[in-house]
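Structural features, examined
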Amino acid sequence: MLFGSSRPNGAVVTRIKKGDILFLLNLEADILYGIFRSTTEGKRDIDPKAWGGNYPYQVKVEAVGEIAPILKAKKLLREMGLSRNSVMGRIATLKLADFFRPLNVEAKDWRKSLFQSKGTEESKIAEPRNWNLLGKVEDVTADVEEIPILQATTMWDFPRQSYGKNRKGDNKYAGVTPAELIWNLVWRYTEIEDLVVDPMCGSGTTIDVCKEEKRRVIGYDISPPKGRNDIIKNDARKIPLETETVDLVFIDSPYGDNIKYNNEPANIGNISAETNLFYDQLEIVMKESLRILKPGKVLGWLIGDQWVKKEFTPVGFKVYDRLVRSGFDTVDVICINRRGQFSHTAPWFNRARKFNFYLRGFKYLFIMRKPQEAEKQTIQDRKVSWAYYPREKSVQNAEKGKESSQSPS
Ligand SMILES: C[S@@+](CC[C@H](N)C(=O)[O-])C[C@H]1O[C@@H](n2cnc3c(N)ncnc32)[C@H](O)[C@@H]1O
């Protein structure tokens, strides 16, 4: 009576509260088992040894009466607008629960018992049955909470700035970050209760995402927007936190002086990305981030290039260079589709074609890691060690017309 799941479903499991109703889908057999009720909240490692540790996001359950297996479950779920990770509201839960109601129980008594009566752990499993018995198939999508999905490739595209019921950050804030981008970093690189810090958090997107995902979070900005008392006024070049105490740093910094954020003299967004001064200031922020991160933990830095007055500036490459020089290792580089740009309109597209320039279509998300103690080194003392292949082999391969080394890219 323990349900377990792996990291990609962690966000779903950790939303389970004690007393919630759960259903179990056997994907291969296409059978939906119900009904279960959680006796704990969903969390990590209730039983760390269960399934050899492969399914650490867990919840303990009890059966509500006899467990009924329902056949052809995927069709039912599809028609109701549910997927296997759906976080259902009360209406959706009750509608699905109707398909499990024993023939001799009244609908209202059944619904009441779901949330009140105590089930038994030794509950029997009934005979499998088809689902068109007592329930009525209705689309319940409107009562399902949207949970993002972990991105699998290095190309991320988020059509909307926010997701879910509660808004994250302010989509009217110039330069606001897509909330799902932060969600992905949070679920890839941190655990529940870990500490996330955003030293330039603008309208507070990082704070809002982290709170929903049960992370501890601190957000600073040089000029916190009105009404966001949870954002601390601070200059990112000096972060008031102890060394090596943070589990994830996320920064969506100014990309130069393209956006007027505020009138603060210390706003790095007042400095042109065409000057070295801009990168020098960001480098101070990078070193502060490196200092506060625990060894082995990750920094995500979002940045875009600049094309102004016929002049291209590779801001991304320059920032990446400074990140490496500051002492970070590279985990990966992600391409973020740039949506919602004021220049992404038909007249601008026409101008770009006519005058032979390009509008910015993407940003870089640099995922960097603070080296573990033993690996700490700066770029100056990094040695490149080449892997040499025996000559005979490469000659043989060349003769066969093959490449000497192949690797997935
Ligand atoms: C791209 S915005 C961040 C957007 C934010 N992630 C969001 O979703 O709303 C960059 C932010 O950096 C802040 N900033 C600029 N210079 C700063 C500094 N020296 N210290 C702290 N924040 C700074 C700006 O005020 C601005 O809010």
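Residues numbered from 1 in each chain as written. Predicted model: local features only at pLDDT ≥ 70, side-chain atom pairs only at ≥ 80, totals over all residues.

Looking at the overall build of the protein chain
Per the secondary structure count, the protein chain includes ten helices and 17 strands. With the C-alpha coordinates of the protein chain rotated into their principal frame, the extents come out at 80 × 70 × 50 Å. Looking at the protein chain as a whole, 32% of its 409 residues qualify as buried. By sequence separation, contacts in the protein chain at least 24 residues apart represent 68% of the contacts at least 6 residues apart. (Helix = DSSP H or I, 4+ residues; strand = E, 2+ residues; numbered from the N terminus. Buried ≥ 20, exposed ≤ 12 C-beta atoms within 10 Å, placed from the backbone. Contact = placed C-beta atoms within 7 Å.)

Brief notes about the nonpolar core
If you look at the biggest cluster of nonpolar residues, it comprises 51 residues, and the most contacted ones within it are I182, V186, L248, V249, W301 and M368. The element best represented in this core is helix α5 (residues 179–189), accounting for seven residues. Look past the residues within four positions of V249 in its chain and what remains in contact with it is V197, S289, I292, L293 and L299. Counting 28 residues, the second largest nonpolar core, distinct from the first, contains V13, V59, V61 and A97. (Core = buried A, V, L, I, M, F, W, Y, C linked by C-beta atoms within 7 Å.)

What about the domain arrangement of the protein chain?
Domain annotation for the protein chain reports domain 1 (2–145) and domain 2 (155–381). A separation of 39 Å is found between the C-alpha centroids of domain 1 and domain 2. Taken residue by residue, the interface counts seven residues in domain 1 and seven residues in domain 2. (Domains from an automatic or database assignment.)

Re the packing of helix α7 (residues 276–292) against helix α8 (residues 315–326)
Here α7 crosses α8 at 40 degrees, and the two axes come no closer than 9 Å. Comparing their axes, α8 and α7 come out oblique. In this structure, the crossing between α7 and α8 has a hand that is right-handed. On α8, the residues that touch Y279, L282, E283, M286, K287 and L290 of α7 are K318, V319, R322, L323 and S326. In terms of residue class, the contact of α7 with α8 is built from six nonpolar, one polar and four charged. (Axes fitted to C-alpha atoms, helices over the stretch in contact; angles between N-to-C directions. Parallel < 35°, antiparallel > 145°, perpendicular 65-115°, else oblique. Left-handed = near helix turned anticlockwise from the far one by under 90°. Nonpolar A, V, L, I, M, F, W, Y, C, P; charged D, E, K, R; others polar.)

A short note on the sheet that holds strand β13 (residues 293–303)
Taking strand neighbours across the sheet as the criterion, the eight strands line up as β8-β16-β17-β13-β12-β9-β10-β11 in an open arrangement whose pairing is mixed. Each of the sheet's edge strands pairs with one partner strand only, and the pair in question is β8 (155–156) and β11 (231–233). Sheet topology note: the strand β9 (residues 195–198)/strand β10 (residues 216–221) ladder contains four bridges and is parallel. Looking across to β10, one finds that L195 is bridged to R216. Across the sheet, helix α6 (residues 205–212) lies against β9, β10 and β12 (246–252), angled at about 175 degrees from β10, the strand it touches most. (Pairing = 2+ DSSP bridges.)

Quick notes on the packing of α5 against α6
Where α5 contacts α6, the two axes come as close as 9 Å, and the packing angle between them is 50 degrees. The orientation of α5 with respect to α6, classified from their angle, is oblique. The two elements α5 and α6 cross, and the hand of that crossing is right-handed. Across the interface between the two elements, A179, I182, W183 and V186 from α5 touch T205, T206, V209 and C210 from α6. Residue composition of the contact of α5 with α6, by class: six nonpolar, two polar and no charged.

Points about the pairing of strand β16 (residues 329–337)
Judged from the two bridges that link them, β8 and β16 form a sheet pairing that is parallel. Within the sheet, the bridge partner assigned to M155 lies in β16 and is C335. Taken together, the eight bridges between β16 and strand β17 (residues 362–369) define a ladder with antiparallel strand orientation. Along β17, the bridge assignment pairs I336 with K363.

Focus on unusual backbone geometry
The general pattern is negative phi for most residues beyond glycine and trans for most peptide bonds. Between G34 and I35 the backbone carries a cis peptide bond, its omega angle lying at 5 degrees. As for its position among the elements, I35 is in strand β3 (residues 31–38). The residue D45 is not glycine, and still its phi comes out positive at about 55 degrees. By secondary structure assignment, the location of D45 is in the loop between β4 (43–44) and β5 (57–70). By the C-beta count within 10 Å, which is 13 here, D45 ends up partly exposed. The phi angle at N356 is positive, at roughly 60 degrees, despite the residue not being glycine. Topologically, N356 is positioned in the loop between α9 (346–354) and β17.

Some details on helix α2 (residues 73–80)
By the burial criterion, the buried members of α2 are A73, L76 and M80. Seen from one end, α2 has its buried residues packed into an arc of 65 degrees, which puts them on one side. The exposed residues of α2 that point more than 90 degrees off its buried face are K75 and R78. Along its buried surface, α2 packs onto β2 (21–26), β3, β5 and α3 (90–97). Directly after α2, the chain includes G81, whose backbone phi takes a positive value near 80 degrees. (Arc of directions from axis to C-beta.)

Here we look at the pairing of β2
In the sheet, β2 pairs with β3 via five bridges, with the strands oriented antiparallel. Counted as the bridge partner of I21 is R37 from β3. Linking β2 back to β3 in an antiparallel pair, the connection comprises four residues, with D30 at a positive phi of about 60 degrees.

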